[in-house]
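Each chain, written out:
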Amino acid sequence: MSRYIVETRGLTKQYGTQKSVADLHLHIAPGRIYGLLGRNGAGKTTTMKMLLGLTRPTSGEVFLWGTPLPGHEKELLPRIGSLIEAPGFYPNLTATENLRIFAALRGVPNRHAIRDALELVGLPYRDKKLFSQYSMGMKQRLAIALAVMHDPELLILDEPTNGLDPIGIAEMRSFIRRLCEERGKTILISSHILSEISLLADDIGILDHGVLLEEESLAVLEQNSRKHIRFAVSDTARAAAILEQQFQETAFSIQDDHILRLYNLDVPAGRMVTAFVKNGLEVSEVCTCEESLEDHFKQVTGGEGIA
Amino acid sequence: MRKLVWCELYKLKRSKSLLLLTSLALLFPAALTVFTKSSLADAAGTAELHAYYDNLVNYTLAYGAMLLLPCLFGCVGALLFFSERDCDTFKNLQAIPVTRNQLIFAKLGVLYLWSELYALCSGLAVTLFCFVLEPRTLYDVPFKLVCFLLAGLTMATVSLPVVVLVIYSNQSYLLSLLLSFLYAVVNWLLLILFASHEVLSLWLPLLNGLMFVSRLLAWRKAALGLASLTPLPLGTYLRVSLYLLFILGVCILLLVRFYKKWSR
Amino acid sequence: MVWFSVAMLVVAVLCLLVSYLSVRRAKKKIRETMDILADIKQGNGNRRVLCAPGELTAPLVYEINDIVASYEKELAALRKAEETNRQLMTSLSHDLRTPLTTLIGYLDAVHKGIVTGQEKEEYTETARRKAYDLKDYIDGLFDWFKLNSDEFVLNPQVVEAAELTRNLLIDWIPVLEDQHIAYDLDIPDGPLRVRLDTDVYGRILNNLVQNVVAHSRATAICISLSRQNREMELRVSDNGIGIDKQDLPHIFERLYKCDRGRSEKGSGLGLAITHQLVGKLGGTITAASTPGKGTTFLVRFPLAG
């Protein structure tokens, strides 16, 4: 079995001469929430569609649970729950009836799957209300119910908070967290909102104009994007004592025996280096890292940033 | 497959347009009964009463199945085949996974089922109206209903091109309706223009569609001693069967091709 | 007679065909189920066998899923405990490294004779203080993990909260005076009967006041107790530096420190532990703050009876 639930190799989708997705190498590890971040039209939906076999890639391969998708749809796709673009259901049927159709076609894991799924998203079971009378938020909830009805291992959710009010968004966020933490699901979620992804995801992939610019865990990104001065010295213990004693600086962390990060930029860094050297320390590197997470995204996407 | 067909039927729940279209099955039986009611007054013997019933059945088959069925068939086809396009549910189905071809065959199955239902409804309607007017006119009812069922089957096949046309043009329901209507009228005109031309009439869809039905009715009458039967060469039956199968095959191929276009 | 025989033959063939097809379908379903069960056996407890309601094998499949799901639930609880332990290990190695290395830095300087005389004394004193801080931090860490591992046992009883609060605050008065923090205590005389664990309540109150003393740089503190509908409300507010808007939602998270540049010491555990403790007692805690103006913590417990 593969280390990754989802892995793509050189995935490319070309519409005419324009590459919607170019040479994508995506890696989603089990039990994690992977946030695909990108502006509208960056290729998020196309990527997700290719993962589900809804769109045939121009080139490249999709591996799900280490198995190539083409030819194994029948065994792989039922293990995925998905929500792509706007929710689509039959308007002349009620929510329960709509779910019943998909339950009959795909199968469900237990007798009360439809009722449980509706309860989970807060919609009434066996309600008389037709889908056409639903509000946007309720439609979105029903789409989520459809995605989780068969208790899948992997969830692929394309902008799941679309059309929800702020309370709904917060609920959805904790709902997705719970699915991941309590039920061990792997979740791929896309969004164009940085704050949403940074609140939810464990790993982040940044997609811009069809190119995956960066793929990294949020912890590492946050660590790297904190404003700090990085000192590489021969003895961090000694350096720490000097910082405290001579410069009254306490806001630092020690990475290992040689790397020290100082989280205060208004310091006489030059004098610090002199003090280190005077005390017999070797200083091999000093650099200032002054990016916030948002700055970082702006930088990797090359400009305007992500709203 | 059985599940898919069940789902297709389930999707039609509460669909008012389908109910409306199916209820049109009663249109010709009712109209014909009203217009021919007077001729029943002159009828004296059992033979004449039976002839009246036969006539009504024949006319219903001719108008209901030949003129109206292709027209309605196109609309029902649009209703079925466009439901995924209009509700945006194809992605949900594909993620199950249900393939495009499975879906097409399920929808075709439902189309045929509807056609049978329509034919049966008109058959039952004719019988009911005759029964109300004069119970003695009825005879050999089960056999006539079987004929209606067969007419539903063959006329559905003959009407398949209109579904292909509707899918190909990929328009709204109203335009699909017009298109189906056009197809039915053109068919009808062709029949009137070329019915006397022996070679061409062999390939008229409407004639071929009702060929088996009319022969069955004639046989039955001969068997009951009510009329004589002029035998047709075996080749004719073979030709009609092959013709129908050919239409079915070509239409399925085209359907698969055109349906792919927008559902990609 | 011939027609009858032909009809019977056709019916017989049809029956055979139908039964053959249904057996084939059942076999295929069983084969698929077996494949999935093999995967579950490998340890993938999230896998489910899917079956449409009303299918032949549905009751069997649903039963299997139930069993797998219930075992998976137990396993998930175990995994959570394991995760807590792992976090403890990571915390120990990560969060302790900085203070410990600094401590070593001081001791090394003393040991190697880099500093002498008065400076040496200062270094030793700093090292000693740091060692105590470290101990406090480790105590906090273990508290936090104990709270999370459900080993923590509560001993709740109905108590008179006003009296209890007053007694607890008496100990703080010398500290506040020592730190030159003006205090305004507003504890009602009337009885406020609340179901509490007195030890835990004490820790909650102490943590909140300690937080003000250690981190807020406040010059005044106001602690009040009041009855709000069917709840008791404890309010601890200061006029200190406040908490930034973007930090406010995170202050009850473990190891969250608003800005490392500001806090001289502290583990980032105090408020997380307080939050946990309040939750264990069935209460709620919220914080509101205006940067530069001060912070208010509100703790609410339902009144007893």
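What you see is a predicted model, and the numbers here were worked out from it, not measured in a lab.

Some remarks on the interface of chain A and chain C
(1) Moving on: Between chain A and chain C, the contact holds 37 residues from the first and 34 residues from the second.
(2) Moving on: Summing both sides of the interface, chain A and chain C together bury roughly 2,800 Å²; the carbon and sulfur share of this comes to 52%.
(3) Moving on: At the junction of chain A and chain C, the tally comes to 4 salt bridges.
(4) Moving on: For the pair chain A and chain C, the interface holds 10 residue pairs in polar contact (both at pLDDT 80 or more).
(5) Moving on: Sorting the residues of the side of chain A that touches chain C by element identifies α2 (73–76), α3 (95–106), α6 (166–183), α9 (236–247) and β13 (252–254) of chain A as the ones contributing at least two each.
(6) Moving on: Here the side of chain A that touches chain C gets 7 residues from one element, more than from any other, and that element is α9 of chain A.
(7) Moving on: Partitioned by chemical class, the residues of the side of chain A that touches chain C number 13 nonpolar, 10 polar and 14 charged.

Some points on the packing of aromatic side chains
(1) Moving on: Applying the stated criterion across every chain yields a total of 15 aromatic pairs over all chains.
(2) Moving on: On the basis of an interplanar angle of 55° and a centroid distance of 4.7 Å, the ring pair of Tyr168 of chain B and Phe258 of chain B is categorised as tilted. Remark: Phe258 of chain B occurs in helix α12 (residues 234–263) and Tyr168 of chain B occurs in helix α8 (residues 141–169); sequence separation between them is 90 residues.
(3) Moving on: Each member of the aromatic cluster is reached from another via a ring pair, and the members are Phe89, Phe102, Phe131 and Tyr134 of chain A.
(4) Moving on: The ring of Phe63 of chain A has Arg9 of chain A sitting right over it, with the charged end atom 4.2 Å from the ring centre.
(5) Moving on: For Arg79 of chain A, the ring lying beneath its charged end belongs to Trp65 of chain A, and the centroid distance is 4.0 Å.

A word on the confidence of the model for chain C
All names here are of chain C.
(1) Moving on: Mean pLDDT over chain C: 83, with 93% of residues reaching 70 or higher.
(2) Moving on: By mean pLDDT, the top-scoring element of chain C is helix α1 (residues 2–41) (90), and the lowest-scoring one is helix α2 (residues 58–95) (82).
(3) Moving on: Here residues 258–265 is modelled with pLDDT under 50, and outside its nearest four sequence neighbours on either side it reaches 18 contacts, counting other chains as well.

Things to note about the domain arrangement of chain A
(1) Moving on: Here the domain parsing of chain A yields domain 1 (6–216) and domain 2 (227–289).
(2) Moving on: Between domain 1 of chain A and domain 2 of chain A, the C-alpha centre-to-centre distance is 46 Å.

Examining the pairing of strand β1 (residues 6–15) of chain A
Residue and element names in this part refer to chain A.
(1) Moving on: Of all 10 residues that make up β1, 7 are buried, and the element is covered over most of its length.
(2) Moving on: Relative to strand β3 (residues 27–28), β1 runs antiparallel, the two sharing 2 bridges. The partner of Glu7 across the bridge, within β3, is His27.
(3) Moving on: Across 5 bridges, the pairing between β1 and strand β5 (residues 59–64) is antiparallel. Its bridge partner being in β5, Thr12 is matched across the sheet by Ser59.
(4) Moving on: Bridge count between β1 and strand β2 (residues 18–24): 4 bridges; the pairing is antiparallel. Of the residues in β2, the one forming a bridge with Gln14 is Lys19.

Rules and cut-offs
- All residue numbers refer to position in the chain's written sequence, counted from 1.
- The lettering of chains begins at A and the numbering of ligands begins at 1, in the order of writing.
- Residues qualify for local features only when their pLDDT is at least 70, as the model is predicted, and side-chain atom pairs are given and counted only at 80 or more; totals for whole chains, interfaces and linings, by contrast, use all residues.
- No hydrogens and no water enter the side-chain calculation; it runs on all heavy atoms of the structure.
- Contacts are assigned to residue pairs with any non-hydrogen atoms lying within 4.5 Å of each other.
- The quantity reported as buried area is the accessible area (1.4 Å probe) lost by two parts once they are put together, taken as the sum for both.
- Each reported salt bridge corresponds to a side-chain nitrogen of Lys or Arg within 4 Å of a carboxyl oxygen of Asp or Glu.
- Polar contacts here mean pairs of N or O atoms no more than 3.5 Å apart (in protein, one a potential hydrogen donor and the other a potential acceptor; neighbouring residues in sequence count only if both atoms are side-chain atoms).
- Helix and strand labels come from DSSP, where a helix needs a run of H or I of at least four residues and a strand needs a run of E of at least two; each type is numbered from the N terminus.
- All residues other than Ala, Val, Leu, Ile, Met, Phe, Trp, Tyr, Cys, Pro, Asp, Glu, Lys and Arg, Gly among them, are scored as polar; the first ten of these are nonpolar and the last four charged.
- For this analysis, a ring pair means two rings from Phe, Tyr or Trp (six-membered ring only for Trp) whose centres lie within 6.5 Å, classed as stacked if their planes differ by under 30 degrees, edge-to-face if by over 60, and tilted for the remaining angles.
- Note on geometry: a ring has a charge over it if NZ (lysine) or CZ (arginine) is within 6 Å of the ring centre and within 35 degrees of the ring normal.
- Each residue carries a pLDDT score, the predictor's own confidence in it, on a scale running from 0 to 100.
- Where each domain begins and ends follows an automated or database-derived domain assignment.
- Only protein chains enter the area calculation, which uses a 1.4 Å probe; residues under 20% of their type maximum are buried, those over 50% are exposed, and those in between are partly exposed.
- Here, strands pair whenever DSSP counts at least two bridges between them.

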